[in-house]
Amino acid sequence: MAEFAEVTVFDTTLRDGEQAAGSRLGAAEKLEIARQLARLGVGVIEAGFPCSSPQDFEAVRLIAREVKEVVVCGLSRAVAADIDICGEALAGATRRRIHTGLGVSDIHIAGKFRDPKYGATLADKRQRTLVMAVDAVTRARRYTDDVEFYAEDAGRADRGYLFAVIEAVIAAGATVVNIPDTTGYTVPAQYGALIAAIAGQVPNIHRAVISVHCHDDLGMAVANTLAGVAAGARQVEGTINGIGERAGNAALEEVVMALRTRRDFFGVDTSVDSRELHRTSRLVADRLGMVLPANKAVVGDHAFAHSSGIHVDGFLKDRTTYEIMRPEDIGFPEQGKVVLTARTGRHGVRHRLAELGYAFADEELEQVYRRFLAVADKKREVFDEDLAAIVNDELRPTPEFFQLVALKSATETGTTPTVTVRLRRGGEEHQETGRGDGPVDAAYKALAAAAGRNPHLERYEIQAVTGGTEAMGRVTVRMREHGTTVLGRGASTDIIEASAKAYVDGLNRLVAFGEERG
Ligand code: MN
């Protein structure tokens, strides 16, 4: 194995990914994702941009303190005060990295440093930008010897100038130089040539690792990333499911599986345990309330479904005929396999949960087990997907200010649906009845009245977790109140109940964010 060089996987799901998501993640959810990323085996987690908000600072500090197996990185602009805040947020990490930098294309320099204080001419502004880059790296080195410099919009920068900046920041102590294609403008041959030129022409480049950071505006983020690796880059940056600004970042699951499947071509290894990719992908999608396209490469539900007759026939005779990766390599659960029934004891449930990668304290297990029994009672066969839904639904990090105590729904063809709810609000219970266009609408009217709040419902989505009419339904709602958007989730074999739970979960998140904001 040692014959191949290692490419470091740098995950920025919690920074470049989350900053563009439609809703915010709380610190506990970020920590949960960071822990899964550590289990996935990424080398670096970019946990946030500490200077951007107190919430981001807190999330980076928490992850730095709690996640010890990886390098924890914070982003910072090339501004002394930002770098200091970033250094402070990372202080608790065993291994910490500061990622700082600025725009190096003339478009960025002329646009962002328009003020005459940065110089009268473009040449003056370029000179000033180079000094700021060196100062930023020098300052970051006060906090750690692992400093990454990003040359924003490198894809459109003047080469001679870009090389001069890279040489200067390496001399100042940068250990990784990130060459982002910030606008997703380059094409693979061109981006690969840029990386090869940096590797070949920057005199002190051997003292640093070249990192690639690509965006998907033209659908080439993964292809550009791989071209960068082929040209000598030894760190890849990306996000799970390719989430991120605009069209997103390079999808790490695709980059990792391309490097692994085509190890013969790239001749590199990564530290990632690919069997954790499916779980990581689902966790991120779930926490951000996104639905993955079924045909998404590597992690989509149909990524391994063969349906054309010729393919199926060939596949059954020898799976390698049409399969370049195996679903188990990505950690796909075996679909539709009955794993548990109401007769499965605590021990069996704990064992299956452990196989799925969930470890619990006894008290949490008891909570999950009680819920499992209720579900097993209703639907007899409990699949892995059901278990995951139970766990996600039962063990939520949100403090429960609101609690759904009871729900009664009456629907009859030709009459207006009526739903009565009992909701615990702080210490007391409130009962309200709602009427609506449908039972979910009626339930939401009753809940809003009982909660004494009226958030705007932006989106409602329901998915069946497993097949059959007795399937668990999982509901995700997007709610907005006073400028804060949250996601609420709930699961149940009864879709009205799942809908109500999702709404109450959303209310609790709004309360939690309201408190954070103070
Ligand atoms: Mn980016």
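The structure displayed is predicted, hence computed values, not measured ones.

Student: Lay out the side chain of Lys296 with the relevant residues and their values.
Tutor: Position of Lys296 relative to the elements: it lies in the loop between α12 (277–287) and α13 (309–317). Take Lys296: its relative accessible area is 12%, and that puts it in the buried class. Here Glu253 takes part through its side chain, which lies 2.8 Å from a polar atom of the side chain of Lys296. Once residues within four sequence positions are removed from consideration, Lys296 is found in contact with Asn241, Ala251, Glu253, Glu254 and Ala303.

Student: I'd like to hear about the side chain of Ser76, residue by residue, with values.
Tutor: Tracing the sequence through the fold places Ser76 in strand β4 (residues 71–77). Reaching out from Ser76, the side chain makes a polar contact with the backbone nitrogen of Ile83 at a distance of 3.3 Å. Residues in contact with Ser76, not counting those within four places in the same chain, are Phe49, Asp82, Ile83, Cys86, His99, Thr100, Gly101 and Tyr150.

Student: Any chance you could break down empty space enclosed by the protein for me, citing the residues and the numbers?
Tutor: Scanning all chains against the criterion turns up 2 cavities of 30 Å³ or more. Taken together, 10 residues line the second largest cavity, and the ones lying closest to its centre are Arg24, Glu29, Arg287, Leu487 and Arg509. Mapped onto the lining of the second largest cavity, the elements with two or more residues apiece are β16 (484–492) and α19 (495–517). For the lining of the second largest cavity, the class distribution of residues is 4 nonpolar, 1 polar and 5 charged. Residue-level mapping places the lining of the second largest cavity at the junction of two domains, with at least three residues from each of domain 1 (7–287) and domain 4 (402–517).

Student: Lay out the sheet that holds strand β14 (residues 456–464) in plain terms, naming residues and giving numbers.
Tutor: Read across the sheet, 3 strands follow the order β14-β15-β16 without closing on themselves; strand pairing throughout is antiparallel. With one partner strand each, in any of the chains shown, β14 and β16 form the two edges of the open sheet. Taken over all neighbouring pairs, the strand axes of this sheet differ in orientation by 15° on average, direction set aside. Across 8 bridges, β14 lies against strand β15 (residues 473–481) in antiparallel orientation. Residue Tyr460 lies in a different strand from β15, and its bridge partner there is Val477.

Student: Please give an account of the pattern of salt bridges that cites residues and values.
Tutor: For the coordinates displayed, the defined rule picks out 40 salt bridges. When the shortest N-O distance is used, the salt bridge between Asp362 and Arg350 registers 2.8 Å. Separated by 12 residues along the polypeptide, Asp362 in helix α16 (residues 362–379) and Arg350 in helix α15 (residues 346–355) bring together distant segments of the chain. Overall, the relative accessible area of 36% leaves Arg350 in the partly exposed class. Asp505 serves as the salt-bridge partner of Arg509, at 3.1 Å between the closest nitrogen and oxygen. With Arg509 and Asp505 both in helix α19 and 4 residues apart, this pair spans about one turn of that helix. For the pair Arg509 and Asp505, a shared accessibility class is recorded, and that class is buried. Salt bridges sharing partners connect three or more residues here, namely Glu29, Glu32, Asp286, Arg287, Arg489, Asp505 and Arg509.

Student: Help me get a handle on the pairing of strand β13 (residues 428–435), residues and values and all.
Tutor: In this sheet, β13 lies alongside strand β12 (residues 418–425) in antiparallel orientation, the contact comprising 8 bridges. Each residue of the ladder has a partner; that of Leu423, found in β13, is His430. Adjacent in sequence and paired antiparallel, β12 and β13 are bridged by 2 residues, among which Gly426 carries a positive phi angle near 60°.

Student: Mind laying out the sheet that holds strand β9 (residues 235–238), listing which residues take part and the relevant values?
Tutor: The strand order β2-β3-β4-β5-β6-β7-β8-β9 describes a closed barrel built from 8 strands, whose pairing is parallel. Neighbour-to-neighbour, the strand axes of this sheet turn through a mean angle of 25°, independent of strand direction. In the sheet, β4 pairs with strand β5 (residues 96–103) via 6 bridges, with the strands oriented parallel. Bridging from a neighbouring strand, Val72 pairs with Arg96 of β5. The sheet contacts of helix α10 (residues 252–261) involve β2 (8–11) and β9, and relative to β2 the element is tilted by about 170°.

Student: I'd like to hear about the nonpolar core, residue by residue, with values.
Tutor: Judged by nonpolar contacts, the single largest core of 96 residues is most densely connected at Ile45, Phe149, Leu162, Ile166, Ile179, Ile198 and Ile330. In terms of residues, this core owes the most to one element, helix α7 (residues 159–171), which gives 7 residues. In terms of domain composition, this core takes at least three residues from each of domain 1 (7–287) and domain 2 (300–332). In this structure Ile330 touches Met257, Ser274, Arg275, Glu276, Leu277, His278, Val298, Val299, Phe304 and Met325, once residues within four positions along its chain are discounted. Within the second largest apolar cluster, 27 residues are counted, among which are Tyr444, Ala448, Ala450 and Tyr503.

Cut-off values and rules
Residues numbered from 1 in each chain as written. Predicted model: local features only at pLDDT ≥ 70, side-chain atom pairs only at ≥ 80, totals over all residues. Heavy atoms only, no water. Helix = DSSP H or I, 4+ residues; strand = E, 2+ residues; numbered from the N terminus. Buried < 20%, exposed > 50% of the residue type's maximum accessible area, 1.4 Å probe, protein only. Polar contact = N/O pair within 3.5 Å; in protein donor to acceptor, adjacent residues only side chain to side chain. Contact = heavy atoms within 4.5 Å. 1 Å grid on protein atoms, 1.4 Å probe; cavity = no way out; pocket = protein on both sides within 12 Å on 5 of 7 lines; lining within 4 Å. Points joined across faces, edges and corners; volume = space filled by probe spheres on them. Nonpolar A, V, L, I, M, F, W, Y, C, P; charged D, E, K, R; others polar. Domains from an automatic or database assignment. Pairing = 2+ DSSP bridges. Axes fitted to C-alpha atoms, helices over the stretch in contact; angles between N-to-C directions. Salt bridge = Lys/Arg side-chain N within 4 Å of Asp/Glu carboxyl O. Core = buried A, V, L, I, M, F, W, Y, C linked by side-chain atoms within 4.5 Å.

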